[in-house]
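Summary of the model geometry
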Amino acid sequence: MQMNYIRELPGPKEIKERYPLLPEYAAKKQQFDDQVKKVFTGESDKFILLIGPCSADNETAVLDYCTRLKKVQEKVFDKILIVPRVYTNKPRTTGEGYKGMLHQPDPTKKADMLHGILAIRKLHTDVIAETGFFCADEMLYPENYRYLSDLLSYVAVGARSVENQQHRLTCSGINVPVGMKNPTSGDYSVMLNSIIAAQHGHTFIYGGWEVKTEGNPYAHAILRGSVNKHGQANPNYHYEDLIRLHDLYAAKNLQNMALVVDANHSNSNKQYLEQIRICKEVLHSCRHSNDIKQFVKGFMIESYIEDGSQKIEDGVYGKSITDPCLGWEKTERLILDIADLL
C-alpha cells in the first residue's frame, strides 16, 4: 500500500476517559437531547437554530462566541432552541486547504491527528462546562463520530457525504437528530433515500465490529441549495421548493417529517449577508402555508464574532478562516428578529 503509517492513534474509549463527560452533565444532556428531539417530532413548537462558525478553528474564540449565544438564548428561550455549530472537521472540494481542528488544532502548523483528536474532545467538553450548551458537529468521517458521540446533541451529514453508504448506516445507530443535506446536484431523491436508510435498522461493520442498529426516527432533511453543471449556485429555500419537498417527503411516509433550511452555502451563493434575508423569506413562507410551517423546524446559519472571512495568516480574532460568516452584532439582531417573526 502507498501509505506511510505514522503512529497508532488511541481509540474512542481511551480519549473519552481522558476528557470524560462528567455525570452531572450527562443528566443535563439527556434533558437537552429530549428538548431537541421534541422539536423534530412536533411535540414542541420551538424553532431550532443550528448556528455558529463555518469551522471551529480556535477554542478561545469559539468559547467566547458560545458564551455570547447563551445570553441571547435566555432572551428567546420561549420560542427558540439554540444548538451551537462547533464543526471540527471541514470538507474540502479539492482536498486542499484547512480541514478543521481535527486535522490541525493550530491552523498555522502542520497536521497532527493525535493532538487534533484531543483538541476536538476538549473543545466540546469545555463548551459544555462553560456554557451548558450541547452542540452540533458534522460527521465527515463516520468512524470518528465515536470520539464525540456522548457529547453531541445534533449531527449533520454534508452534501458530499449524504450518498455514502457508511454515513447512512452509521446515522441509523445515532440516538440524536441527524440532518441529511441535499447533495450538491440538488437531487431531492438522494436526500430522501438517505433519510429512509437512516430511519431503518441495519447490520454492518463499524470500528472493527459487526453492529446492528435500530434506525434513527429523527433523521431529517436539510436544504442547502445546489450547483448546476456550469458551477452556478441554485437556491432551494423558496416557497415552491419547500412545498415540492414537503409533498415528496409526505409520499415517502417517513417518520417525523422535518426540514432545516441552511441559509448559507449554495442558498446564499456564500454571500453571508444574504442569510438574514433568506431566513425572513422562509418565515414569510411559513405564514402562508400551514404545511410549510409544520414542516420547517429551524435554520442552519454560519455566524462568528467578526463579519466575513480571512486568510489564516491574517490572524483576526473570531473571524472565519473558511467560508464567510455573519458577525456577532448582525447575528444577535437576526436571532431576536426570528423570535419576533415566529
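Residues numbered from 1 in each chain as written. Predicted model: local features only at pLDDT ≥ 70, side-chain atom pairs only at ≥ 80, totals over all residues. Heavy atoms only, no water.

1. Section: the sheet that holds strand E5 (residues 178-181)
Put simply, the test is: Paired strands are those between which DSSP finds at least two bridges. Note on conventions: DSSP H or I runs of at least 4 residues are helices, E runs of at least 2 residues are strands, and numbering of each starts at the N terminus. Angles shown run from 0 to 180 degrees and are taken between the N-to-C directions of axes, each axis being a line fitted to C-alpha atoms and, for helices, limited to the stretch in contact. Whether two residues are in contact is decided by their heavy atoms, any of which lying within 4.5 Å being enough.
Ordered by their spatial adjacency, eight strands build an open sheet running E2-E1-E12-E11-E8-E5-E4-E3, and the pairing between neighbours is parallel. Either end of the sheet is taken by a strand with one partner, and the two such strands are strand E2 (80-84) and strand E3 (136-138). Averaged over all pairs of adjacent strands, the angle between strand axes in this sheet comes to 25°, irrespective of strand direction. Here three bridges tie strand E4 (residues 154-157) to E5, and the two strands are oriented parallel to one another. Each bridged residue has a counterpart across the sheet, and for valine 157 the counterpart in E5 is methionine 180. The strands touched by helix H6 (residues 188-199) are E5 and strand E8 (220-223); relative to E8, the strand with the most contacts, the crossing angle is about 150°. Against the sheet, helix H7 (residues 239-252) contacts E8, strand E11 (259-262) and strand E12 (296-302), and its axis sits at roughly 160° relative to E8.

2. Brief notes about unusual backbone geometry
Phi is positive for histidine 265, close to 50°, though the residue is something other than glycine. Following the sequence through the fold, histidine 265 ends up in the loop between E11 and helix H8 (274-288). Residues other than glycine seldom take positive phi values, yet lysine 270 does so here, at roughly 60°. Assignment of secondary structure puts lysine 270 in the loop between E11 and H8.

3. With respect to empty space enclosed by the protein
Inclusion rule: Only protein atoms enter the calculation, which uses a 1 Å grid: trapped sets of points that fit a 1.4 Å probe without letting it out are cavities, open sets showing protein on both sides within 12 Å along at least five of seven lines are pockets, and any residue with an atom within 4 Å of a point is a lining residue. Grid points are joined across faces, edges and corners, and a volume is the space filled by probe spheres set on the points. Put simply, Ala, Val, Leu, Ile, Met, Phe, Trp, Tyr, Cys and Pro go in the nonpolar bin, Asp, Glu, Lys and Arg in the charged bin, and everything else, Gly too, in the polar bin.
Applying the stated criterion across every chain, the model contains one cavity of 30 Å³ or more. Quantified by volume, the largest cavity comes out at close to 120 Å³. Lining the largest cavity we find 14 residues, and of these Asn89, Glu138, Asn144, Tyr145 and Leu148 sit closest to its centre. The class makeup of the residues in the lining of the largest cavity is nine nonpolar, three polar and two charged.

4. Structural notes on the packing of aromatic side chains
Under the convention used in this document: Geometry of aromatic contacts follows a simple scheme: Phe, Tyr and Trp rings, the Trp one being its six-membered ring, pair when their centres are within 6.5 Å, and the pair is stacked under 30 degrees between planes, edge-to-face over 60, tilted otherwise. Partly exposed residues are those whose accessible area sits between 20% and 50% of the maximum for their type, while under 20% is buried and over 50% is exposed, using a 1.4 Å probe and protein chains only.
Enumeration over the complete set of coordinates arrives at seven aromatic pairs. Aromatic side chains phenylalanine 32 and phenylalanine 134 sit 6.0 Å apart centroid to centroid with 35° between the ring planes, which places their arrangement in the tilted category. Highlighted residues: phenylalanine 32 in helix H2 (residues 23-41) and phenylalanine 134 in the loop between helix H4 (113-131) and E3, separated in sequence by 102 residues. Residue class for phenylalanine 134 comes out buried when judged on its relative accessible area of 3%. Ring centres of tyrosine 65 and tryptophan 328 lie 5.7 Å apart, and the angle between their planes is 90°; on these two criteria the pair is classed as edge-to-face. Of this pair, tyrosine 65 sits in helix H3 (residues 59-76) while tryptophan 328 sits in helix H10 (residues 328-341), placing them 263 residues apart in sequence.

5. Some remarks on the environment of threonine 213
Counted only if it meets this: Throughout this description, a polar contact denotes any pair of N or O atoms lying within 3.5 Å of each other; where both atoms belong to protein, one of them has to be capable of donating a hydrogen while the other can accept it, and for residues adjacent in sequence the pair is counted only when both atoms sit in side chains.
Here threonine 213 shows up in the loop between strand E7 (209-212) and E8. Look at threonine 213 and you get buried, because its relative accessible area is 9%. Threonine 213 sits 10 residues away from threonine 203 along the chain, and the two C-alpha atoms are 6.5 Å apart. Contacts of threonine 213, omitting those with residues within four sequence positions, involve Leu169, Ser172, Gly173, His200, Gly201, His202 and Phe204. Among the polar contacts made by the side chain of threonine 213, one reaches the side chain of serine 172 at a distance of 2.7 Å.

6. Some thoughts on the nonpolar core
Rule in force here: Throughout this description, the term nonpolar core refers to a set of buried Ala, Val, Leu, Ile, Met, Phe, Trp, Tyr and Cys residues connected via side-chain atoms within 4.5 Å.
Core analysis: the biggest nonpolar cluster contains 103 residues, and Leu49, Tyr154, Leu245, Phe299 and Ile338 have the highest contact counts within it. Broken down by element, the residue count for this core peaks at eight residues, all from H3.

7. Focus: the side chain of aspartate 33
With respect to the helices and strands, the residue aspartate 33 is situated in helix H2. What makes aspartate 33 buried here is its relative accessible area of 6%. Contacts of aspartate 33, omitting those with residues within four sequence positions, involve Leu152, Ser153 and Val176.

8. Let's talk about the state of the cysteines
Formally, a disulfide is one covalent bond, and it connects the sulfur atom of one cysteine to the sulfur atom of another. For the record, the criterion: Only a pair of cysteine sulfur atoms within 2.5 Å qualifies as a disulfide here.
According to the stated counting rule, one finds zero disulfides in the structure shown. Here cysteine 325 stays free of any disulfide, with the sulfur of cysteine 54 as its closest cysteine sulfur at 5.7 Å. Judged by relative accessible area, cysteine 325 falls into the buried class, the value being 0%.

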